[in-house]
Amino acid sequence: MDVKIEESWKRVLADEFASTYFADLAAFVKEAYANGIVYPPGKYIFEAFNRTPFDKVKVVILGQDPYHNPKQAHGLSFSVPAGVDLPPSLVNIYKELEDEYRTPFLNRNGDLSAWADQGVLLLNATLTVSGGVGTAGSHQGHGWELFTDAVIRHLAAERDGIVYLLWGSYAQKKAAFVDTTRNLVLKSAHPSPLSAYRGFFGCGHFKTANEYLTAHGQEPVVW
């Protein structure tokens, strides 16, 4: 797999790209794209990194898998291209934003690229998935988790003042090594309809994140 990724991330993750596990992962991903339907389209696998350089990251939002239905996944967690129906979790994210800011969010499209361009790393733990019914998690266990763990480790070791929005137990486990004395870690239930009413709604994460960024001399995110 020809890794086309923004230069600062290429430098930070050089050891990962040179590793045996990544060579095996690349072979798996290449074969998957050659022999079936895989999302996102290949050019968007590293879109989160290309949109948000390492030194520009100020918020991290962790997802699990790319969407596995047609036209949804484009390399940013929770995001879908403009014109695509909003997935349920994103509907609930917009509901929370609407409640926090008392302003309409639900009439927006689902493309969160503007967040990524402001320093919000929209990172899925697994960067590819097979398309079709019942294929969620189909590319787990092939190396992507090792790669994205390394992403969080580098951010935790080399950057301070980042806000980590950890929604659901999966995301919370993934960022367990983030130093909470040097960063802000906010945890809640996942925005999925199955769990949003158990603590995601009313979490206040978006305003709290911006208050922290402002207090630490950074520009708040225009959500």
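Below is a short write-up of the structure. (Residues numbered from 1 in each chain as written. Predicted model: local features only at pLDDT ≥ 70, side-chain atom pairs only at ≥ 80, totals over all residues. Heavy atoms only, no water.)

### Points about helix α9 (residues 205–215)
Residues three or four positions apart in an α-helix share a direction because the helix packs 3.6 residues into each turn.
Step number 1: For α9, every residue scored as buried is listed here: H205, F206, A209, N210, Y212 and L213. Along the long axis of α9, the arc covered by the buried residues comes to 160 degrees, so they all point the same way. Opposite the buried face of α9, by more than 90 degrees, sit the exposed residues E211 and A215.
Step number 2: On the buried face of α9, the contacting elements are β2 (59–63), α5 (88–101), α6 (113–117), β5 (163–167) and β6 (184–188).
Step number 3: At the C-terminal side of α9, G217 shows a positive phi close to 75 degrees. (Buried < 20%, exposed > 50% of the residue type's maximum accessible area, 1.4 Å probe, protein only. Helix = DSSP H or I, 4+ residues; strand = E, 2+ residues; numbered from the N terminus. Arc of directions from axis to C-beta. Contact = heavy atoms within 4.5 Å.)

### What to know about the pairing of strand β3 (residues 120–124)
Step number 1: Extensive coverage of β3 is indicated by the burial of 5 of its 5 residues.
Step number 2: Alternating positions in β3 separate into two faces, V120, L122 and N124 on one and L121 and L123 on the other, with burial throughout.
Step number 3: Note that β2 and β3 share 5 bridges and pair parallel. Bridging from a neighbouring strand, I61 pairs with L122 of β3. (Pairing = 2+ DSSP bridges.)

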